Amino acid sequence: EPELYGRTTLAEIEQSVRTSAAAHGAEISWFQSNHEGALVEAVQALRGAADGALINTAALTHTSLALRDALLAVRVPFIEIHLTNIFAREPERRRSVLSDLAIGLVCGFGAQSYLLGLDALTAALRDA
């Protein structure tokens, strides 16, 4: 749905985040899956391996208690990211089961949401 999510590919978003992370002196790992279990396992792998995370759980944002529990367990600071403004979408998309655990939420800026989230995350970690 390019009218909602834009035309920037995931590979292009990843490359821009990698470039920005390098400018921040940060290293990143990148993971994408459409499978909830794989995402839960990726979150669980963050413990001891990452200082923070940018997380876009897409439609699972609204329903996945498994991802919420995984984020609670690992206690890694994270920024919740969405390409669209979820609060301007359908009523069922206006709720996040994750946002109260996040240090912040960036939504509605398309691919730029990832870069804004990275800026916020690196600043938060630096100030911690």
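Data block above holds the structure.
Model, not experiment: these values are computed from the prediction.

> What exactly am I supposed to notice about the environment of Glu14 here?
With respect to the helices and strands, Glu14 occurs in helix 2 (residues 10–23). Glu14 sits in the partly exposed class, given a relative accessible area of 21%. Each C-alpha atom of the pair Glu14 and Gly108 lies 18 Å from the other, and the pair is 94 residues apart in sequence.

> Would you explain the pattern of salt bridges in this entry?
A side chain with one charge can pair with a side chain of the opposite charge if their charged atoms come near. Applying the stated rule across the entire model yields 4 salt bridges. Here Glu90 ties to Arg89 by a salt bridge, and the two come within 3.4 Å at their closest N and O atoms. Beyond isolated ion pairs, a larger network of salt bridges with shared partners links Arg89, Glu90 and Arg93.

> What should I look at first to understand helix 5 (residues 112–127) in this one?
Residues spaced three or four apart along an α-helix face the same direction, because each turn holds 3.6 residues. In a regular helix each residue adds 1.5 Å, so 16 residues correspond to 22 Å; helix 5 covers 23 Å between its end C-alpha atoms and thus fits that length. Considered for burial, the residues of helix 5 that qualify are Ser113, Tyr114, Leu115, Gly117, Leu118, Leu121 and Thr122. As for helix 5, its buried residues are in contact with helix 2, strand 1 (53–55), strand 2 (78–82) and strand 3 (104–107).

Cut-offs applied
- Residues numbered from 1 in each chain as written.
- Predicted model: local features only at pLDDT ≥ 70, side-chain atom pairs only at ≥ 80, totals over all residues.
- Heavy atoms only, no water.
- Helix = DSSP H or I, 4+ residues; strand = E, 2+ residues; numbered from the N terminus.
- Buried < 20%, exposed > 50% of the residue type's maximum accessible area, 1.4 Å probe, protein only.
- Salt bridge = Lys/Arg side-chain N within 4 Å of Asp/Glu carboxyl O.
- Expected span 1.5 Å × (residues − 1).
- Contact = heavy atoms within 4.5 Å.

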